[in-house]
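Inside the fold
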Amino acid sequence: MIFDYNVIWASMPLYLSGMLETVKLLGISLFFGLLAAVPLGLMRVSKQAWVNFPAWLFTYVIRGTPMLVQLFLIYYGLAQFEVIRDSFMWPLLSSATFCACLAFAINTSAYTAEIIAGSLRATPNGEIEAAKAMGMSRSKMYRRILLPSAMRRALPQYSNEVIMMLQTTSLASIVTLIDITGAARTVNAQIGGLEFQPGTGGIITLDDIGIDQAVRLAFAHAVVNPLLRAVGGPVANADRNLAFRLGEFFDRCLFGERTAESTHQRCRYKGQAKFTA
């Protein structure tokens with residue numbers, strides 16, 4: 001079979017429109033999903049059952065049900081209730097874009113919450129003990145030590161979640177939105193043939209590469225760096241030295257100069273200046 005790639009070029013405006021719709025859905029969903037995921041992640045690591053259980057139940061249910069079912073329940077299911085159709089929320093819930101963003105945001109918030117919770121649990125005990133030794137309150141310790149450290153560790157897993165969400169946005173075409181997949185289906189219905197498949201795959205692959213790099217930069221500048229600046233001092237210095245300075249101070253207080261020096265030698269980065277009291 002001979003592929004006519006002129007069909008792809010002729011349909012490029014529709015593909016570009018679908019790509020913009022996909023990026024819009026992805027951006028809105030990730031933004032609100034991350035906003036919801038941070039408190040959910042903090043709730044998941046709480047030792048209080050009445051705090052932990054609601055977050056666990058939410059993430060368990062959302063991660064245990066298919067994304068397609070969640071989208072159908074929000075877009076088609078809520079419209080079955082007259083009280084919803086008569087409420088002030090109906091103009092929003094009757095919008096395919098709003099329902100798709102809501103479903104995607106709820107879904108990604110559950111997965112991201114577990115990523116953040118896992119990163120928080122992986123925090124070295126030395127950092128926590130050092131923060132307590134310096135008299136930090138629990139909220140201050142989370143704000144200055146635990147969250148910045150956890151966000152850095154969560155970045156590789158979170159970038160994978162972003163790529164998975166990009167693939168998930170293809171479901172938006174089921175609720176009448178013309179994203180990349182919807183554009184490909186439109187081209188297939190109008191022209192037929194298999195030319196739309198490599199075009200769609202190529203565009204999605206380019207999106208994967210570009211969005212992965214963009215998310216890493218955006219996450220670092222919009223989430224990690226502000227948290228590090230809250231520590232006080234330049235981002236680079238806080239990123240490199242804060243936990244080690246706190247850990248060394250803790251070692252000095254409890255075990256004396258010799259242990260502190262050996263700990264410093266194990267932990268310091270290249271060229272890091274020695275701790276001065």
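Structural notes, computed from the coordinates. Owing to the predicted nature of the structure, the values given are computational and were not obtained by experimental measurement.

**Things to note about the overall build of the protein**
Within the protein one finds 13 helices and zero strands. Its helices and strands in sequence order give the protein the pattern α-α-α-α-α-α-α-α-α-α-α-α-α, from N to C terminus. The long-range share in the protein, meaning contacts at least 24 apart out of those at least 6 apart in sequence, stands at 73%. Just so you have it, the protein exposes about 15,100 Å², and 65% of that area is on carbon and sulfur atoms.

**Quick word on the pattern of salt bridges**
According to the stated counting rule, one finds two salt bridges in the structure shown. Put simply, Lys24 and Glu21 hold a salt bridge, and the shortest N to O gap is 3.5 Å. Here Lys24 pairs with Glu21, and both are found in helix α2 (residues 12–44), just three residues apart, close to one helical turn. With a relative accessible area of 16%, Glu21 lands in the buried category. A salt bridge links Arg44 to Glu114; the nearest nitrogen and oxygen atoms lie 2.8 Å apart. Within this pair, whereas Arg44 is found in helix α2, its partner Glu114 is found in helix α7 (residues 96–121), the two being separated by 70 residues in sequence.

**What to know about the layout of surface pockets**
A volume near 350 Å³ is recorded for the second largest pocket. Taken together, 14 residues form the lining of the second largest pocket, with Val45, Lys47, Ile128, Arg138 and Tyr142 sitting closest to its centre. Those elements giving two or more residues to the lining of the second largest pocket turn out to be α7, α8 (125–133) and α9 (138–168). With four residues, the top contributor of residues to the lining of the second largest pocket is α9. Tallied by class, the residues present in the lining of the second largest pocket amount to six nonpolar, four polar and four charged.

**Some remarks on the nonpolar core**
Of all hydrophobic cores here, the largest spans 38 residues; its most connected members are Leu25, Phe104, Leu120 and Leu177. Top element by residues in this core is α9. It accounts for eleven residues. Residues in contact with Leu120, not counting those within four places in the same chain, are Gly41, Leu42, Val45, Tyr142, Leu146, Leu147 and Ala150.

**Here's the deal with the state of the cysteines**
Counted by the stated rule, this structure contains zero disulfides. Cysteine Cys99 shares no disulfide, and the gap to the nearest cysteine sulfur, in Cys101, comes to 9.5 Å. Note on Cys99: relative accessible area 0%, which makes it buried. With a relative accessible area of 8%, Cys101 lands in the buried category.

**Some remarks on the packing of aromatic side chains**
Scanning all chains against the criterion turns up five aromatic pairs. The interplanar angle of 85° and the centroid separation of 5.1 Å between the aromatic rings of Phe31 and Phe32 together place this pair among those described as edge-to-face. For Phe31, a relative accessible area of 48% corresponds to the partly exposed category. Aromatic side chains Tyr75 and Tyr76 sit 4.8 Å apart centroid to centroid with 75° between the ring planes, which places their arrangement in the edge-to-face category.

**Some remarks on the packing of α2 against α9**
Their axes nearest at 12 Å, the elements α2 and α9 cross at an angle of 145°. Considering how the two elements wind past one another, α2 and α9 form a crossing that is right-handed. For the pair α2 and α9, contact is made by Thr22, Leu26, Leu30, Leu34, Val38 and Leu42 and by Tyr142, Leu147, Met151, Tyr158, Val162, Met165 and Leu166, respectively. For the contact of α2 with α9, the class distribution of residues is twelve nonpolar, one polar and no charged.

**A closer look at α7**
Relative to the 38 Å expected for 26 residues at 1.5 Å per residue, α7 spans 38 Å between its end C-alpha atoms, a close match to the ideal helical length. Within α7, 19 of the 26 residues are buried, leaving the element largely enclosed by the surrounding structure.

**A look at the packing of α8 against α9**
Contact geometry of α8 with α9 gives a least axis separation of 10 Å together with a crossing angle of 165°. The angle between α8 and α9 places the two elements in the roughly antiparallel class. Seen from above, α8 lies across α9 with right-handed handedness. Facing α8, whose interface residues are Glu127, Ile128, Ala131 and Lys132, α9 presents Met141, Ile145, Leu146 and Ser149. For the contact of α8 with α9, the per-class residue count stands at five nonpolar, one polar and two charged.

Cut-off values and rules
- Residues numbered from 1 in each chain as written.
- Predicted model: local features only at pLDDT ≥ 70, side-chain atom pairs only at ≥ 80, totals over all residues.
- Heavy atoms only, no water.
- Helix = DSSP H or I, 4+ residues; strand = E, 2+ residues; numbered from the N terminus.
- Contact = heavy atoms within 4.5 Å.
- Areas by Shrake-Rupley, 256 points an atom, 1.4 Å probe, with all protein chains shown as cover.
- Salt bridge = Lys/Arg side-chain N within 4 Å of Asp/Glu carboxyl O.
- Buried < 20%, exposed > 50% of the residue type's maximum accessible area, 1.4 Å probe, protein only.
- 1 Å grid on protein atoms, 1.4 Å probe; cavity = no way out; pocket = protein on both sides within 12 Å on 5 of 7 lines; lining within 4 Å.
- Points joined across faces, edges and corners; volume = space filled by probe spheres on them.
- Nonpolar A, V, L, I, M, F, W, Y, C, P; charged D, E, K, R; others polar.
- Core = buried A, V, L, I, M, F, W, Y, C linked by side-chain atoms within 4.5 Å.
- Disulfide = S-S within 2.5 Å.
- Phe/Tyr/Trp six-rings, centres within 6.5 Å; stacked < 30°, edge-to-face > 60°.
- Axes fitted to C-alpha atoms, helices over the stretch in contact; angles between N-to-C directions.
- Left-handed = near helix turned anticlockwise from the far one by under 90°.
- Expected span 1.5 Å × (residues − 1).
- Parallel < 35°, antiparallel > 145°, perpendicular 65-115°, else oblique.

These figures capture arrangement, not role.
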